[in-house]
Amino acid sequence: MTKEELQQRVLELEDRYYHDELTGLQNRYAMSKHLLSYKNPKMLLIDINKFSLINNIYGGKVGDKVLIKVASILTTFTQLGCVLYRTSSDQFVLIKENKDTNESCSNMAQNILNIINYKPLVIKIDEVDVDINIAATIAIVANEDAGKLLGYADMTLRYAKKTYQPFVIYSR
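Residues numbered from 1 in each chain as written. Predicted model: local features only at pLDDT ≥ 70, side-chain atom pairs only at ≥ 80, totals over all residues. Heavy atoms only, no water.

Draft legend 1. Spotlight on helix α5 (residues 102-116). Taking 1.5 Å per residue as the helical rise, α5 with its 15 residues ought to reach 21 Å, and the 21 Å between its terminal C-alpha atoms agrees with that figure. Among the residues of α5, Cys 105, Ser 106, Met 108, Ala 109, Ile 112, Leu 113 and Ile 116 are the ones counted as buried. Buried residues of α5 fall within an arc of 160 degrees about the axis and therefore sit on the same side. (Helix = DSSP H or I, 4+ residues; strand = E, 2+ residues; numbered from the N terminus. Expected span 1.5 Å × (residues − 1). Buried < 20%, exposed > 50% of the residue type's maximum accessible area, 1.4 Å probe, protein only. Arc of directions from axis to C-beta.)

Okay, here's the thing in structure tokens:
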């Protein structure tokens, strides 16, 4: 193997390490790597509620299609200056670095919920279009140390789910 081929292989492996294979989005490792470089990050942690039921009822292939569709929906928000990551099987993170107010993040969360929670996803199963209703819960964290952002987002998400709120903002 030549030096150039080896360098190319290293780049390919690094790309695989930092990207989600299913959606092509950057993953949790990439987010961890980038997180400390943000100066004033605001994080939206988006969780697909009871995603395991979709896999249990329709199967993993349909679950994958749902995740790809949700990733596609959330990708539209990158036009607003956000970076999108898939951080676990049913969770996505949007990070925005600027001086937006919590209200603008709330508006973004509400827009995401309006798309995901109130419009069924049309998924093709065996050449038949099936409407699948999903719901999401969103945690918004702002004005926190970038290294602690995801921990606060996880805590806020658990609180939102426990109190049956579609989204909750955590800010000191």
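We are not done yet, so read on.
Draft legend 2. Region of interest: the packing of helix α3 (residues 51-58) against helix α4 (residues 60-75). Orientation of α3 relative to α4, taken along the N-to-C sense of each, is 140 degrees, at an axis distance of 7 Å. Between α3 and α4, the angle falls in the class oblique. Residue-level contacts link Phe 51, Ile 54, Asn 55 and Tyr 58 of α3 to Gly 60, Val 62, Gly 63, Val 66 and Leu 67 of α4. Here the residues of the contact of α3 with α4 are counted per class, giving six nonpolar, three polar and no charged. (Axes fitted to C-alpha atoms, helices over the stretch in contact; angles between N-to-C directions. Parallel < 35°, antiparallel > 145°, perpendicular 65-115°, else oblique. Contact = heavy atoms within 4.5 Å. Nonpolar A, V, L, I, M, F, W, Y, C, P; charged D, E, K, R; others polar.)

Draft legend 3. Main features of the confidence of the model for the protein. Taken residue by residue, the protein gives an average pLDDT of 89. The fraction at 70 or more is 97%. When the elements of the protein are averaged for pLDDT, strand β6 (residues 128-132) gives the smallest value, 80, and strand β1 (residues 26-27) the largest, 96. (pLDDT = per-residue confidence, 0-100.)

Draft legend 4. Structural view of the pairing of strand β2 (residues 41-48). Extensive coverage of β2 is indicated by the burial of eight of its eight residues. In β2, alternate side chains face the same way, and those of Pro 41, Met 43, Leu 45 and Asp 47 on one face and Lys 42, Leu 44, Ile 46 and Ile 48 on the other are all buried. Here β2 pairs with strand β4 (residues 91-97) via seven bridges, running antiparallel. Note that in β4 the partner of Lys 42 across the bridge is Lys 96. Pairing geometry for β2 and strand β7 (residues 136-142), over seven bridges, is antiparallel. (Pairing = 2+ DSSP bridges.)

Draft legend 5. View of the packing of aromatic side chains. In this structure the tally under the stated criterion is three aromatic pairs. Where Tyr 152 meets Tyr 170, the ring centres are 4.8 Å apart and the plane angle is 15 degrees; that geometry is what we call stacked. Of the two residues, Tyr 152 sits in helix α6 (residues 149-162) while Tyr 170 sits in strand β8 (residues 167-170), which places them 18 residues apart along the sequence. The exposure class of Tyr 152 is buried, given its relative accessible area of 17%. Members of the aromatic cluster, joined through ring pairs, are Tyr 17, Tyr 18 and Tyr 29. (Phe/Tyr/Trp six-rings, centres within 6.5 Å; stacked < 30°, edge-to-face > 60°.)

Draft legend 6. Representation of the nonpolar core. By size, the foremost hydrophobic cluster in this structure holds 32 residues, and its most contacted members are Leu 44, Val 66, Phe 92 and Ile 112. Elements with a contribution of two residues or more to this core: β2, α3, α4, β3 (82-88), β4, α5, β5 (121-125) and β7. The element best represented in this core is α4, accounting for seven residues. Ala 30, Ala 146, Leu 150 and Tyr 152 belong to the second-largest nonpolar core, a separate cluster that totals 18 residues. (Core = buried A, V, L, I, M, F, W, Y, C linked by side-chain atoms within 4.5 Å.)

Draft legend 7. Representation of the environment of Thr 78 within the structure. You can see Thr 78 is positioned in the loop between α4 and β3. Taking the C-alpha atoms as reference, Thr 78 lies 9.1 Å from Ile 95; in sequence the two are 17 residues apart. There is a polar contact of 2.6 Å between the side chain of Thr 78 and the backbone oxygen of Thr 75. (Polar contact = N/O pair within 3.5 Å; in protein donor to acceptor, adjacent residues only side chain to side chain.)

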